[in-house]
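# Descriptive structure summary
Each chain, written out:
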Amino acid sequence: AQAATLAGTTKKIRLVNSATLSTSITKPTEATIGTTSYITGSLTTTITSFTSRTSTFGADTVNAIAYSPKLGLFCIVGSTGKMATANTVDAWTSGTSSFGTTEIFSIIWSDELELFIASGAASKIATSTDGITWTQRTSSFSGITNIKGLAWSKDNELLIAMGDTNELAYSSDGITWLTRTFSDDYYVINSVMWSEVTDLFIAVGNTGSIITSPDGS
C-alpha cells in the first residue's frame, strides 16, 4: 500500500494485522523519524467466490504452485511427477519435470537466484531458470526423504529443504546442497517458510511440531 506525503511523493507503508486504507484521506499521518508507525483497522472487502480452472493434471493432485515475477510465469507441481506452466491461469502447458513419475511436493521461486526450485519424494530436488527445462540436483539427504518443505531467505542467502527424516539440506545457490541433522527430537516436516517480519525460518510438521531458526542451523 502507499500513502501520499506532504511533498506529493509516495511512501510505502506496512499494514499490520487486518487493515484498511481510506481513499478520502486528505493529509498524511505524522510519524517521528526513526520510529515505526502503524495503521490499524478492519478489512472491508469480502471474497465471495472462486473460479475453477483447467490445469492439465486431470485427476492427479496439484501439490504446490509458485510464481516468477521476472518470467511472468506460474508453475504447478504434483503427483506422478507432473508439472505445468502458465503465463495466465487460463492456459496451462504440461512440461517435463525431470522427476519421472516421482511425486513433487513443493516448488518456490527465488528472485535473488532467479531460479525455480522443486522438491519431492525419494530425496529429489531440481532447479530451473525458466520453468521449462529442469535439472536434478543431489540433495545430500542420507536416506530416502519426502522433501515437502522449501524456503529461501534473501537475508541469509540460504535455501533450506526439509522432509520426513530428522535432517535438513541447505544451499546458497540451489545447485550444491549440504545436510544438517537435528540434534534432539525427531521431526517430520510438512512445510517451511522464511519470515521477513520475524527474521526466522519457521517449519511445521506432524504431532503439532513448530520449530524455528534464525539461520537454518
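Refer to the preceding data block for the structure.
Position numbers for residues count from 1 along each chain, tracking the sequence in the order it is written. Totals for whole chains, interfaces and linings use every residue, but because this is a predicted model, local features are given only for residues with pLDDT of at least 70 and side-chain atom pairs only at 80 or more, for both listing and counting. As a rule here, side-chain values cover all heavy atoms of the structure and leave hydrogens and water aside.

### Re the overall build of the protein chain
Short version of the rule: Helix numbers and strand numbers start at the N terminus; a helix is a DSSP run of H or I with at least 4 residues, a strand a run of E with at least 2. Buried residues are those whose accessible area, probed at 1.4 Å on protein chains only, stays under 20% of the maximum for their type, while exposed residues exceed 50% and partly exposed ones sit between those limits. Two residues form a contact once any of their heavy atoms are found within 4.5 Å. Computed with the Shrake-Rupley method and a 1.4 Å probe, the accessible areas treat only the protein chains shown as cover for residues.
Scanning the protein chain from N- to C-terminus turns up zero helices and 17 strands. Taking all 217 residues of the protein chain together, the buried fraction comes to 37%. For the protein chain, contacts bridging at least 24 residues in sequence account for 37% of all contacts bridging at least 6. Just so you have it, the protein chain exposes about 12800 Å², and 52% of that area is on carbon and sulfur atoms.

### Details of the sheet that holds strand E12 (residues 158-163)
To keep it simple, the criterion reads: At least two bridges found by DSSP between two strands is the condition for calling them paired. Helix axes are fitted to C-alpha atoms over the stretch in contact, other axes to C-alpha atoms as well, and angles between N-to-C directions run from 0 to 180 degrees.
In space, the four strands of this open sheet follow the order E11-E12-E13-E14, with antiparallel pairing throughout. The sheet terminates laterally at strand E11 (147-153) and strand E14 (178-181), the two strands that pair on one side only. Averaged over all pairs of adjacent strands, the angle between strand axes in this sheet comes to 25°, irrespective of strand direction. As judged from the four bridges shared by strand E13 (residues 167-171) and E14, these two strands associate in the antiparallel manner. Opposite Ala169, over in E14, you have Thr179 as the bridge partner.

### Observations regarding the sheet that holds strand E4 (residues 73-78)
Reading across the sheet, the four strands line up as E3-E4-E5-E6 and stay open at both edges, with antiparallel pairing between neighbours. The open sheet terminates on both sides in strands that have one partner only, identified here as strand E3 (62-68) and strand E6 (93-95). With strand direction ignored, the average angle separating the axes of adjacent strands in the sheet is 25°. Relative to E4, E3 is paired through six bridges, and the arrangement is antiparallel. Bridge pairing in E4 places Tyr67 opposite Phe74.

### Description of a negative patch on the surface
Note the threshold: Residues qualify for a patch when their relative accessible area is over 30% and they have no salt bridge, like charges being joined within 9 Å and the nonpolar side chains of Val, Leu, Ile, Met, Phe, Trp and Tyr within 5 Å. Whenever Lys or Arg places a side-chain nitrogen within 4 Å of a carboxyl oxygen from Asp or Glu, that contact is recorded as a salt bridge. When charges are tallied, Lys and Arg are placed among the positive residues and Asp and Glu among the negative ones, while His and the ends of the chain are skipped. For the purpose of locating charges, the reference atoms are NZ of Lys, CZ of Arg, CG of Asp and CD of Glu.
There is a patch of like negative charges on the surface, built from Asp111, Glu112, Asp155, Glu157 and Asp199. Relative to the elements of secondary structure, Glu112 occurs in the loop between strand E7 (104-110) and strand E8 (115-120).

### A word on the pattern of salt bridges
Summed over the entire model, instances satisfying the criterion amount to four salt bridges. Between Lys82 and Asp60 there is a salt bridge, and its shortest N-O distance comes to 2.8 Å. A residue pair is termed long-range when its members are at least 10 positions apart, and Lys82 in the loop between E4 and strand E5 (83-86) and Asp60 in the loop between strand E2 (10-12) and E3 qualify at 22 residues. A residue is classified by how much of its surface remains accessible, and Lys82, at 30% relative accessible area, is partly exposed. Judged by relative accessible area, which is 28%, Asp60 ranks as partly exposed. Among the ionic pairs, Lys154 bridges to Glu196, the shortest N-O distance being 3.6 Å.

### Structural notes on the packing of aromatic side chains
Note the cut-off: In summary, the pairing rule links any two rings of Phe, Tyr or Trp, Trp by its six-membered ring, whose centres are within 6.5 Å, and it sorts them by plane angle into stacked for under 30 degrees, edge-to-face for over 60 and tilted for everything else.
Applying the stated criterion to the full structure yields five aromatic pairs. Ring geometry for Phe74 against Trp92: centres 6.4 Å apart, planes inclined by 55°, an arrangement best described as tilted. Here Trp92 lies in the loop between E5 and E6 and Phe74 lies in strand E4, a separation of 18 residues in the sequence. Overall, the relative accessible area of 22% leaves Phe74 in the partly exposed class.

### Some details on the pairing of E12
Counting buried residues along E12, six of its six residues qualify, which places the element largely inside the surrounding structure. Neither face of E12 is open: one carries Leu158, Ile160 and Met162, the other Leu159, Ala161 and Gly163, and all of them are buried. With six bridges connecting them, E11 and E12 associate as antiparallel partners. Among the inter-strand pairings, Leu150 is bridged to a residue of E12, identified as Ala161. Between the antiparallel neighbours E11 and E12 lie four residues, among them Glu157 with a positive phi of about 50°. In this sheet, E13 lies alongside E12 in antiparallel orientation, the contact comprising four bridges. Along E13, the bridge assignment pairs Ala161 with Ala169. Count of turn residues in the E12/E13 antiparallel hairpin: three residues.

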